[in-house]
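Each chain is listed here by its residues.
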Amino acid sequence: MTNLMDATARVALEFQAQQLRMISERLTYVRALLPNESADWRGPAQQLFDAGVQELHSDLASACTMIEAAEHRTMTAANQMSVRVG
Amino acid sequence: MSDELTISGGGSCAIATDEMLSNAANLLRAAEQTRDILGAIQMVDARLTIGQLESLGIPTAAAIAETDLDYAHFALSQLADRAEFMSGLVRFAAQTYGLGEAVAESVVRRVAADAAAVIGFFFPVWAVTVVVTSPLLPILAGIAVATAVLGKANPLVVDHEWMSAQLNELISDPAFVLALRHGVMTVDEFSAGASGVPPAVVSLLSAAGVIGLASSAGLIQGAGGIAGVLKETPVTLKHTTEPEPVTAAQSVEERVKRIPQPTDAHPEQVRIEKYETPGEPDQFEVYISGTVDFAVSDTTESFDGTSNLSLAAARPSGSIAAVAAAMREAGITSNSPVTFTGHSQGAAAAARLAESGEYNTAGVFTVGGNIGQVVIPDDVPTIIVEHTDDLVVAAGGLQDNQHALVVERQAYGGLALPAGEAVPAHHLTQYAETGRLMDQSDSVELQGDAKRMALFGRGATTATVTSYHYERVLP
């Protein structure tokens, strides 16, 4: 019974890891949509725009790191379950 | 070569570079995508709760992963909100800048017009000097320069040596071109003032649209008629090509490249594509060439200097007569949906044909046309492409077609002008390059309008193209 539960949990974890990998790929597409520093703005407007862009990239980088960490931890847990299942 | 496009009009007062509009569109897309991803994260989160993990005896690493997902969710929520807000800010900036530009332009235009009327009234003897040195310069100099470089009839009127690099640089300078655009708008007020009309009356006539660029061009043509030049004639069909199968233009660049560039071997100035769909009226694409010969007399070319001035004066021109005759030959009636595409004089002809209201105009697409003061009806989808270093565009005055999507680019920004080429920014190849950049643009405004035009003729079961060559009938 325990083995069956462990196997179910392992499958669930592997599926979660796979979903997280897909989310990471989708975040790559979002990164491509974000602007970089702009030559169209001048003075304070340029500073504001560039600061905003930096914040966007920073938010995205944090999210990417967290998703990757979650995926890694999920895979670690799945591997541990595999060992338990044998 | 500058790759930056500036986009304005389209029913909005916003003026923005292509990059700004692309950024605004992409930021909004990024916000939408991020919100989709947030939904996916929530689904992942909901599948395995910490309680379930504990009951299944799953290692703590998985529980920490749940916390990571919560942080990621928070960061992405911020990202989505921030991206949407920034998209709105970029659009707001474009809108505000556009409003400021519009107000400033209106004030400059009014003040310049009133000043011209007053100067003309009090100092009429300056008329000759002003006429020679001010706004008519682009029309007259343009004809002279083009005659020298491109003309067939009078190739030696001005030699290539004279066409120095310095002059070319001056007339290709965006600041000079813009100044001329403003200047063109005041020559009529000056002329009216010089002929003795009180400045206050000139101001009223100008505001009412009674006097304008067309009246000035008409004046020149009238004077030319006395001197035996600039006289209009009937036209006659010389040659048509055999109808050939064709597919509709799929991109802006392709559309620009389809505009005829007549040569001795292929002198056709008008290209008409016919799209037939059972149960629907035939649809037509009419492509119109630019000026072929800049001569103002003794030429059989219907796309000549005389036609240029007739178009500016809103009078019947040889080129309009040729296009109208070709359209009749192709079976176009007043009910047939038709899209006009033209370069230079072809652009002016396209705008005038749409203005006439005699056709069921489904769209107008012009490049390098002097059509600022030609009133294209508001209900006609219109894309106007202008180079800020193209002198010919300036001859049409300021662009007043507010509903049209106006795309601007400095063709030779930061680059040396090619030697021996007059007004190189006016060349069709340069406008094809702008078309390519428009195709690559992510701007929602641009893609929306260009896509609508590309849909024209889609789904036709038969599509053919025929080209037409018309000549003047000399007296």
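Here the structure is a predicted model, which is why all the values come from computation and not from measurement.

**Looking at the overall build of chain B**
Then step 1. Along chain B, the regular secondary structure elements total 17 helices and 11 strands.
Then step 2. By the burial criterion, 49% of the 475 residues in chain B qualify as buried.

**Remarks on the pairing of strand 7 (residues 337-343) of chain B**
For a regular strand, side-chain orientation follows a simple rule: the groups alternate between the two sheet faces.
Residues and elements named next belong to chain B.
Then step 1. Of all 7 residues in strand 7, 6 are buried, a share of seventy percent or more.
Then step 2. Two elements, strand 6 (residues 283-288) and strand 7, share 5 bridges in a ladder whose sense is parallel. Bridge pairing in strand 7 places Val286 opposite Phe340.
Then step 3. In the sheet, strand 7 pairs with strand 8 (residues 360-367) via 7 bridges, with the strands oriented parallel. When the sheet's bridge partners are listed, Thr341 is paired in strand 8 with Phe365.
Then step 4. Regarding topology, helix 14 (residues 345-356) serves as the crossover connection from strand 7 to the parallel strand 8, and that connection is right-handed.

**Here we look at the packing of helix 12 (residues 305-312) of chain B against helix 14 of chain B**
All names here are of chain B.
Then step 1. It is at 10 Å that the axes of helix 12 and helix 14 come closest, and there the two elements cross at 35°. The element helix 12 and its partner helix 14 pack so that their crossing is left-handed. Residues Ser307, Asn308 and Leu311 of helix 12 touch helix 14, and the partners they reach there are Gln345, Ala348, Ala349 and Arg352.
Then step 2. Considering only residue class, the contact of helix 12 with helix 14 consists of 3 nonpolar, 3 polar and 1 charged.

**Thoughts on helix 17 (residues 444-454) of chain B**
Residues and elements named next belong to chain B.
Then step 1. Within helix 17, the full set of buried residues consists of Glu445, Leu446, Asp449, Ala450 and Met453. In a view along the axis of helix 17, the buried residues occupy a sector of 110°, so they form one face of it. Opposite its buried face, helix 17 presents the exposed residues Gly448 and Lys451, each directed more than 90 degrees away.

**Details of the nonpolar core**
All names here are of chain B.
Then step 1. Ranked by size, the top nonpolar core spans 113 residues in total, and within it Val286 and Val323 carry the most contacts.
Then step 2. Counting residues domain by domain, this core receives three or more from each of domain 1 (22-96) and domain 3 (235-472).
Then step 3. When neighbours within four sequence positions are excluded, Val286 is seen to be in contact with Val270, Ile272, Val323, Met327, Val338 and Phe340.
Then step 4. Within the second largest apolar cluster, 13 residues are counted, among which are Val392, Ala395, Ala411 and Tyr412.

**Some words on the pairing of strand 9 (residues 382-387) of chain B**
All names here are of chain B.
Then step 1. Across the 6 residues of strand 9, 6 count as buried, placing the element largely inside the fold.
Then step 2. Burial along strand 9 is two-sided: the residues Thr382, Ile384 and Glu386 and Ile383, Val385 and His387 are all buried.
Then step 3. Note that strand 8 and strand 9 share 4 bridges and pair parallel. Across the sheet, residue Val367 finds its bridge partner in strand 9, namely Val385.

**Things to note about the interface of chain B and chain A**
Then step 1. Taken together, the 34 residues of chain B in the interface contact 34 residues of chain A.
Then step 2. Of all the secondary-structure elements, those providing two or more residues to the side of chain B that touches chain A are helix 1 (18-47) and helix 3 (60-122) of chain B.
Then step 3. Broken down by element, the residue count for the side of chain B that touches chain A peaks at 15 residues, all from helix 3 of chain B.
Then step 4. Here the side of chain B that touches chain A is built from residues that sort into 23 nonpolar, 6 polar and 5 charged.

**Quick look at the confidence of the model for chain B**
All names here are of chain B.
Then step 1. On average, residues of chain B score 80 in pLDDT, and 73% of them reach the 70 mark or higher.
Then step 2. Of the regions scoring below 50 in pLDDT, residues 131-135 engages in 8 contacts with residues more than four places distant in sequence or in other chains.
Then step 3. The complex model carries a pTM of 0.70, and its ipTM stands at 0.88.

**Quick look at helix 14 of chain B**
Residue and element names in this part refer to chain B.
Then step 1. Over its 12 residues, helix 14 extends 16 Å from the first C-alpha to the last, a length consistent with the 16 Å expected when each residue adds 1.5 Å.
Then step 2. The buried count for helix 14 comes to 10 of 12 residues, which makes it a mostly enclosed element.
Then step 3. Turning to helix 14, its buried residues number three or more, namely Gln345, Gly346, Ala347, Ala348, Ala349, Ala350, Ala351, Arg352, Leu353 and Ala354.
Then step 4. The inward-facing, buried residues of helix 14 abut strand 6, helix 12, helix 13 (318-329), strand 7 and strand 8.
Then step 5. Gly357 occupies a position one or two residues after helix 14 and carries a positive phi of about 75°.

**A look at the environment of Asn360 of chain B**
Residue and element names in this part refer to chain B.
Then step 1. By the element assignment, Asn360 lies in strand 8.
Then step 2. A C-alpha to C-alpha distance of 9.3 Å links Asn360 and Val380, two positions 20 residues apart in sequence.
Then step 3. Discounting chain neighbours no more than four positions away, the residues touching Asn360 are Ser334, Asn335, Ser336, Pro337 and Val338.

**Overview of unusual backbone geometry**
Residue and element names in this part refer to chain B.
Then step 1. Within the chain, Ala314 stands out as a residue other than glycine whose phi angle is a positive 60°.
Then step 2. Mapped onto the elements, Ala314 comes out in the loop between helix 12 and helix 13.
Then step 3. Phi at Ser344 takes a positive value of approximately 60°, unusual for a residue other than glycine.
Then step 4. Assignment of secondary structure puts Ser344 in the loop between strand 7 and helix 14.

**Brief notes about the packing of helix 13 of chain B against helix 14 of chain B**
All names here are of chain B.
Then step 1. Packing of helix 13 against helix 14 brings their axes to within 10 Å, and their N-to-C directions diverge by 65°. In terms of axis orientation, helix 13 runs roughly perpendicular to helix 14. The two elements helix 13 and helix 14 meet at a crossing, and its hand is right-handed. Facing helix 13, whose interface residues are Ser319, Ile320 and Val323, helix 14 presents Gln345, Ala349, Arg352 and Leu353.
Then step 2. Across the contact of helix 13 with helix 14, the residue classes tally to 4 nonpolar, 2 polar and 1 charged.

What counts and what doesn't
In this convention, every chain numbers its residues from 1, walking through the sequence in written order. Chain letters start at A and ligand numbers start at 1, both assigned in the order the entries are written. Local features in this predicted model are restricted to residues whose pLDDT is 70 or higher, and side-chain atom pairs enter the listing and the counts only when it is 80 or higher, whereas totals over whole chains, interfaces and linings include all residues. Each helix is a run of DSSP H or I of at least 4 residues and each strand a run of E of at least 2, with the numbering of both proceeding from the N terminus. Working definition of burial: number of other C-beta atoms within 10 Å of the residue's own, with buried at 20 or more, exposed at 12 or fewer, and partly exposed in between, all C-beta atoms being placed from the backbone. In this scheme, strands are said to pair when DSSP sees at least two bridges between them. Crossovers are described as right-handed under a simple rule: with the strands pointing away from the observer, the path leading from the first strand over the helix to the second runs clockwise. Whenever a helix is involved, its axis is fitted only over the stretch in contact; in every case the axis is a line through C-alpha atoms, and angles between N-to-C directions fall within 0 to 180 degrees. Crossings are classed by handedness, with left-handed meaning an anticlockwise turn of the near helix from the far one by less than a right angle and right-handed meaning a clockwise turn. Our contact criterion uses C-beta atoms placed from the backbone: two residues qualify when those atoms are within 7 Å. Each residue is assigned to one class: nonpolar for Ala, Val, Leu, Ile, Met, Phe, Trp, Tyr, Cys and Pro, charged for Asp, Glu, Lys and Arg, and polar for all the others, Gly among them. Each direction from the helix axis to a C-beta atom contributes to the arc, which is the arc of those directions. Definition of nonpolar core: a set of buried Ala, Val, Leu, Ile, Met, Phe, Trp, Tyr and Cys residues joined via C-beta atoms within 7 Å. The source of the domain bounds is an automatic or database domain assignment. The pLDDT value expresses, per residue, how confident the predictor is, ranging between 0 and 100. Take the number of residues in a helix, subtract one, and multiply by 1.5 Å to get its expected span. Here the word oblique covers every angle except those under 35 degrees (roughly parallel), over 145 (roughly antiparallel) and from 65 to 115 (roughly perpendicular).

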